[in-house]
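Understanding the architecture of this molecule
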Amino acid sequence: MAFESLSDKLQNIFSGLKKKGKLSEKDVKTALREVKLALLEADVNFKVVKTFIKNVQERATGHEVLESLTPGQQVIKIVNEELVKLMGDSNNELTYNKEGITVVMMVGLQGAGKTTTSAKISGLIKKKGKKPLLVACDIYRPAAIKQLQIVGEQIDVPVFTMGDNHKPVNIAKAGLEYATKNGNDVVIIDTAGRLHIDETMMDELVEIKDSLNPQETLLVVDAMTGQDAVTVAETFNNQIGVDGVILTKLDGDTRGGAAISVRFVTDKPIKFVGMGEKLTDLEPFHPDRMASRILGMGDVLTLIEKAQDSIDEKQALEMEKKLRNAEFTFDDFLEQMQQVKKMGNINQLMDMIPGMGQQLKNVDIDENEIYKVEAIILSMTKEERANPALLNTSRKKRIALGSGRPLQDVNKLVKQYEQSKKMMKQFSGMMKGKGKKGMFK
Ligand code: GDP
């Protein structure tokens, strides 16, 4: 997970501070020296670290903090606020032209994730009720056009191409014309990148930018490249001017330095972060939520949004009723698992629950487990799923064979199911006793 090592170190430093009832100026300075090292090790730009530590120190060594009843907590609060300030004060979503077509130009080095992110963004735009068009202007990378067509199809967004025999600026212009004729209101231009910044690439991008005057020029950078990502951002911003940055591959084990430094160095906001290879793995960037994740305090808001996005409310209400009456069957079990799967990577979800990331630090939840359980349930007959009491040994053996799982897995699942059902019964009994007040009320 991104930030794991930084997050661990900061939590250790702060739990040391919290244990001390009273803090002296020296205690705070010593702790901040450790914070400084942790940030530098996380590949945060040294200028950023210097300013950050200076700001925190100024605020944290005053009387109000040192003489407060919870000085440790106060220091953490200040670190949190300063981290948020570093990454930007608010969430910056896309802006759209009030009239006419909005042009979004995607730029970045090859391999940063431009093509994938173009498709991801078009998916988000479509969800807002708009009619996006993807335009394939990367005529150099072999198969880039084909790749855009494939991802466009997956996300059900049209892709405009003219092959690789035209100048990118002409393709972009023709794409815009096509959008006008076909009623598309947002045009996303996937431009070419090189492995390294070079002048020809920059000239070509400037030409497209000058000719299309995009509402948003978004730079896609790979968070895994750390300080290089920041340098790339600085160069692109100086040479062509960008409106925002998209950091990809934040799901990997990047140390996180780029996320913390990019805004300060370029003065341009991070607008989105890529959290995986799937076309739905793009999240708006919220500095406060990211700071909270870095400090190990979870990110409940993103979790709720993901749930709202992927869970059908009517189904959820029905499920709640079943849970309350302890009528939960294997079919419901299956349905719940499918809903959770839609929310994304389980290990990432765990990190969003306050305290959970730290507790499950070395536990890698195997997503394949879900498929195994699914296979077992799918091998049951309809009657067995609705009435698990039918499951005797011979039926269980048949299910094991059908699902390709050992019999003990089938036994384990049935046992788990019975236990949760028993718990639900007790729980709903308890709630009935209390006039149904409590969690489900
Ligand atoms: P381009 O050359 O900049 O257009 O890069 P691509 O869009 O082809 O992406 C390069 C690789 O990065 C592909 O394998 C993508 O699946 C992968 N990728 C892009 N974004 C992310 C992300 O947020 N997380 C992960 N894990 N992989 C990503």
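Thresholds applied
Residues numbered from 1 in each chain as written. Predicted model: local features only at pLDDT ≥ 70, side-chain atom pairs only at ≥ 80, totals over all residues. Near = placed C-beta within 6 Å. Helix = DSSP H or I, 4+ residues; strand = E, 2+ residues; numbered from the N terminus. UniProt positions renumbered as here; feature names shortened; annotations may be inferred. Core = buried A, V, L, I, M, F, W, Y, C linked by C-beta atoms within 7 Å. Buried ≥ 20, exposed ≤ 12 C-beta atoms within 10 Å, placed from the backbone. Domains from an automatic or database assignment. Contact = placed C-beta atoms within 7 Å. Pairing = 2+ DSSP bridges. Axes fitted to C-alpha atoms, helices over the stretch in contact; angles between N-to-C directions. Left-handed = near helix turned anticlockwise from the far one by under 90°. Nonpolar A, V, L, I, M, F, W, Y, C, P; charged D, E, K, R; others polar. Expected span 1.5 Å × (residues − 1). Arc of directions from axis to C-beta. pLDDT = per-residue confidence, 0-100. Right-handed = clockwise from strand over helix to strand, strands pointing away.

1. Details of the site of the ligand
The local shell around the ligand holds 20 residues, among which G113, K114, T115, T116 and G274 are the closest. Here the shell around the ligand takes four residues from helix α6 (residues 114–127), the largest share from any one element.

2. Quick notes on the UniProt feature "domain: SRP54-type proteins GTP-binding" (unreviewed entry) in the protein chain
The sites that UniProt annotates as "domain: SRP54-type proteins GTP-binding" (unreviewed entry) are residues 269–282. For residues 269–282, the end-to-end C-alpha separation is 16 Å, with 0% helix and 43% strand making up the annotated structure.

3. Let's talk about the nonpolar core
Counting residues in each nonpolar core, the largest one holds 92 residues, and the members touching the most others are V104, L134, V135, I189, V221, L247 and A259. No other element matches helix α5 (residues 71–87), which puts six residues into this core. Taken domain by domain, this core gets at least three of its residues from each of domain 1 (4–87) and domain 2 (102–297). If we ignore the near neighbours within four places in the chain, the residues touching V221 are G108, A112, A229, V232, A233, V245, L247 and A258. Judged by nonpolar contacts, the second largest core, of nine residues, contains F330, I376, M380 and L413.

4. A look at the sheet that holds strand β5 (residues 216–222)
Within a sheet, adjacent strands bond to each other through the backbone by hydrogen bonds, running parallel or antiparallel. An order of β3-β2-β4-β1-β5-β6-β7-β8 is seen for the eight strands of this open sheet, with the pairing classed as mixed. Edge positions in the open sheet fall to β3 (159–160) and β8 (282–284), since each of these has one partner strand only. The pairing of strand β2 (residues 132–136) with β3 spans two bridges and is classified as parallel. In the strand pairing of β3, L134 is matched with V159.

5. Some remarks on the packing of helix α3 (residues 46–60) against α5
It is the contact of α3 with α5, at a shortest axis distance of 10 Å, that shows an interaxial angle of 140°. The hand of the α3/α5 crossing is right-handed. Across from V48, F52, N55, V56, R59 and A60 in α3, the residues of α5 making contact are V75, I78, V79, E82 and L86. Tallied by class, residues from the contact of α3 with α5 come to eight nonpolar, one polar and two charged.

6. Topic: the environment of L66
Tracing the backbone shows L66 in helix α4 (residues 63–66). Sequence spacing of L66 and V79 is 13 residues, and the spatial spacing of their C-alpha atoms is 15 Å. Non-local contacts of L66, meaning those with residues more than four positions away in its chain, are made with L23, E25, T61 and P71.

7. Re helix α12 (residues 287–294)
Burial of α12 is extensive: seven of the eight residues sit out of reach of the surface. Of the residues one or two after α12, G296 is the one with positive phi, at around 70°.

8. Focus: helix α10 (residues 227–239)
With 13 residues, α10 should cover 18 Å at 1.5 Å per step; its first-to-last C-alpha distance of 19 Å lies within 8% of that length. What α10 keeps buried is the set A229, V230, V232, A233 and F236. Mapping the buried residues of α10 onto a view down its axis gives an arc of 160°, with all of them on the same face. Check the buried side of α10 and you find it contacts β1 (102–107), β5, β6 (244–248) and α11 (257–266). Phi for G241, located one or two positions after α10, is positive at around 80°.

9. Here's the deal with the environment of E34
Mapping E34 onto the fold places it in helix α2 (residues 25–41). Residues E34 and K9, 25 residues apart in the sequence, show an inter-C-alpha distance of 8.6 Å.

10. What about the confidence of the model for the protein chain?
Confidence in the prediction of the protein chain, expressed as mean pLDDT, is 86, and 87% of residues score 70 or more. Long-range and interchain partners of residues 434–441, a stretch whose pLDDT sits below 50, account for six contacts in this model, where long-range means more than four residues apart. Across the interface, the model reports ipTM at 0.99; the global pTM reads 0.76.

11. Description of the pairing of strand β4 (residues 186–190)
Taken residue by residue, a regular strand's side chains alternate between the two faces of the sheet. Across the five residues that make up β4, a large majority, five, are buried. Burial along β4 is two-sided: V186, I188 and D190 and V187 and I189, pointing in opposite directions, are all buried. Pairing geometry for β1 and β4, over five bridges, is parallel. Bridged to M105 within β4 is I189. When β2 meets β4, the two strands line up parallel, connected through five bridges. When the sheet's bridge partners are listed, V135 is paired in β4 with I189.

12. Regarding the environment of I155
Here I155 lies in helix α7 (residues 144–155). Owing to 18 C-beta atoms within 10 Å, I155 belongs among the partly exposed residues under this scheme. Counting along the chain gives 11 residues from I155 to H166, while the straight-line C-alpha distance between them is 26 Å.

13. A word on the packing of helix α1 (residues 4–19) against α5
Close contact between α1 and α5 brings their axes to 7 Å; oriented N to C, the two are set at 145°. Across the interface between the two elements, F14, L17 and K18 of α1 pack against G72, Q73, V75 and I76 of α5. Of the residues contributing to the contact of α1 with α5, the split by class is four nonpolar, two polar and one charged.

14. Focus: unusual backbone geometry
Positive phi outside glycine occurs at D156, with the angle close to 60°. Residues other than glycine seldom take positive phi values, yet D267 does so here, at roughly 60°. Along the chain, D267 turns up in the loop between α11 and β7 (270–274). Exposure remark for D267: the 10 C-beta atoms within 10 Å place this residue in the exposed category.

15. Overview of the pairing of β7
Here β7 lies mainly inside the structure; five of its five residues are buried. In this fold, β6 hands off to α11, which returns the chain to β7; that crossover is right-handed.

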